[in-house]
Amino acid sequence: EDQVTQSPEALRLQEGESSSLNCSYTVSGLRGLFWYRQDPGKGPEFLFTLYSAGEEKEKERLKATLTKKESFLHITAPKPEDSATYLCGKGGTYKYIFGTGTRLKVLA
Amino acid sequence: NAGVTQTPKFQVLKTGQSMTLQCAQDMNHNSMYWYRQDPGMGLRLIYYSASEGTTDKGEVPNGYNVSRLNKREFSLRLESAAPSQTSVYFCASRTPNTEAFFGQGTRLTVV
């Protein structure tokens, strides 16, 4: 069964305290692993796409990595404005499913 | 570009009423999607349309129907609304194997 699992469900960090979010997925039919940020009351906004194991993408304080079974979103020295829900999605050629998300709260 | 536009933004229905959620995209994408989002449940795929003229069930299709009216428009219909369908509904579109773009959501309450 096609599945995406994210952990932890929620994470509270102090400003400047680095951490990582995890996304594990069923390998078959993978046509991209996608990370999104979602702010309350809004639709998800695209962050990164990873297509093959070993690939890495960076944007400001965020870095996404991909292995054969997992992806990690590393947050370095987070700021309060990084507080949001982070969603991981698995793309098939057509089908596109998501995990339950990680709610991140960064405290000043 | 407007991107993905959903209407309405908010709706309150009584149990048993029907309604259609509208979605339109102006990015010439082939594939379109409907999701529901409940607290702690992430985005769950209801139906998707790989291309104009085709639709497929997702993870939670029961109680819903869809129509891919043309390449731009993909509607979601609730024939007889139930309180369990209270949720936030998101429409998305993409080109195969690339990222999806989302609308701003429809907040539906069934009382």
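Bear in mind the structure is a predicted one, so any value in this text is a computation, not a measurement. (Residues numbered from 1 in each chain as written. Chains lettered and ligands numbered in written order. Predicted model: local features only at pLDDT ≥ 70, side-chain atom pairs only at ≥ 80, totals over all residues. Heavy atoms only, no water.)

(A) Structural detail: the sheet that holds strand 8 (residues 74–78) of chain B. All names here are of chain B. With antiparallel pairing, the four strands of this open sheet are ordered in space as 1-3-8-7. Strands at the two margins of the open sheet, each flanked by one partner only, are strand 1 (4–7) and strand 7 (65–68). Adjacent strand axes in the sheet meet at a mean angle of 15° when their direction is disregarded. Here four bridges tie strand 1 to strand 3 (residues 19–25), and the two strands are oriented antiparallel to one another. Bridging from a neighbouring strand, Thr7 pairs with Gln22 of strand 3. (Pairing = 2+ DSSP bridges. Helix = DSSP H or I, 4+ residues; strand = E, 2+ residues; numbered from the N terminus. Axes fitted to C-alpha atoms, helices over the stretch in contact; angles between N-to-C directions.)

(B) Structural detail: the interface of chain A and chain B. Counting residues at the interface gives 22 residues for chain A and 23 residues for chain B. Summed over both sides, the interface between chain A and chain B buries roughly 1800 Å², with carbon and sulfur atoms accounting for 56% of that surface. Interface area lost by chain A to chain B is led by A:Tyr94, A:Tyr96 and A:Phe98, which between them contribute 30%. Taken together, the connections running from chain A to chain B amount to zero salt bridges. Between the two partners, chain A and chain B, sit eight residue pairs in polar contact (both at pLDDT 80 or more). A per-class count over the side of chain A that touches chain B returns 10 nonpolar, nine polar and three charged. (Contact = heavy atoms within 4.5 Å. Buried area = accessible area lost by both parts, 1.4 Å probe. Salt bridge = Lys/Arg side-chain N within 4 Å of Asp/Glu carboxyl O. Polar contact = N/O pair within 3.5 Å; in protein donor to acceptor, adjacent residues only side chain to side chain. Nonpolar A, V, L, I, M, F, W, Y, C, P; charged D, E, K, R; others polar.)

(C) Seen up close, the side chain of A:Asn22. Residue and element names in this part refer to chain A. Summarising the element assignment, Asn22 is placed in strand 3 (residues 19–25). In terms of polar contacts, Asn22 uses its side chain to reach the side chain of Glu70, at 3.0 Å. The contacts of Asn22, once residues within four sequence positions are left out, are Thr5, Gln6, Ser7, Trp35, Glu70, Ser71 and Phe72.

(D) Examining the pattern of salt bridges more closely. This model, assessed by the stated rule, comprises eight salt bridges over all chains. A salt bridge links A:Lys90 to A:Asp2, with the shortest nitrogen-to-oxygen separation between them at 2.5 Å. You can see A:Lys90 sitting in strand 9 (residues 84–91) and its partner A:Asp2 sitting in the segment before strand 1 (4–7), a full 88 residues away along the chain. Residue A:Lys90 is classed as buried on the basis of its relative accessible area, which comes to 2%. Its relative accessible area of 29% is what places A:Asp2 among the partly exposed residues. Across the pair B:Glu79 and B:Arg77 runs a salt bridge whose closest N-O atoms are separated by 3.1 Å. Residue B:Glu79 is classed as partly exposed on the basis of its relative accessible area of 42%. A single salt-bridge network, built from bridges that share partners, covers B:Arg36, B:Asp38 and B:Arg44. (Buried < 20%, exposed > 50% of the residue type's maximum accessible area, 1.4 Å probe, protein only.)

All quantities given are derived from atomic positions and should not be read as evidence of function.
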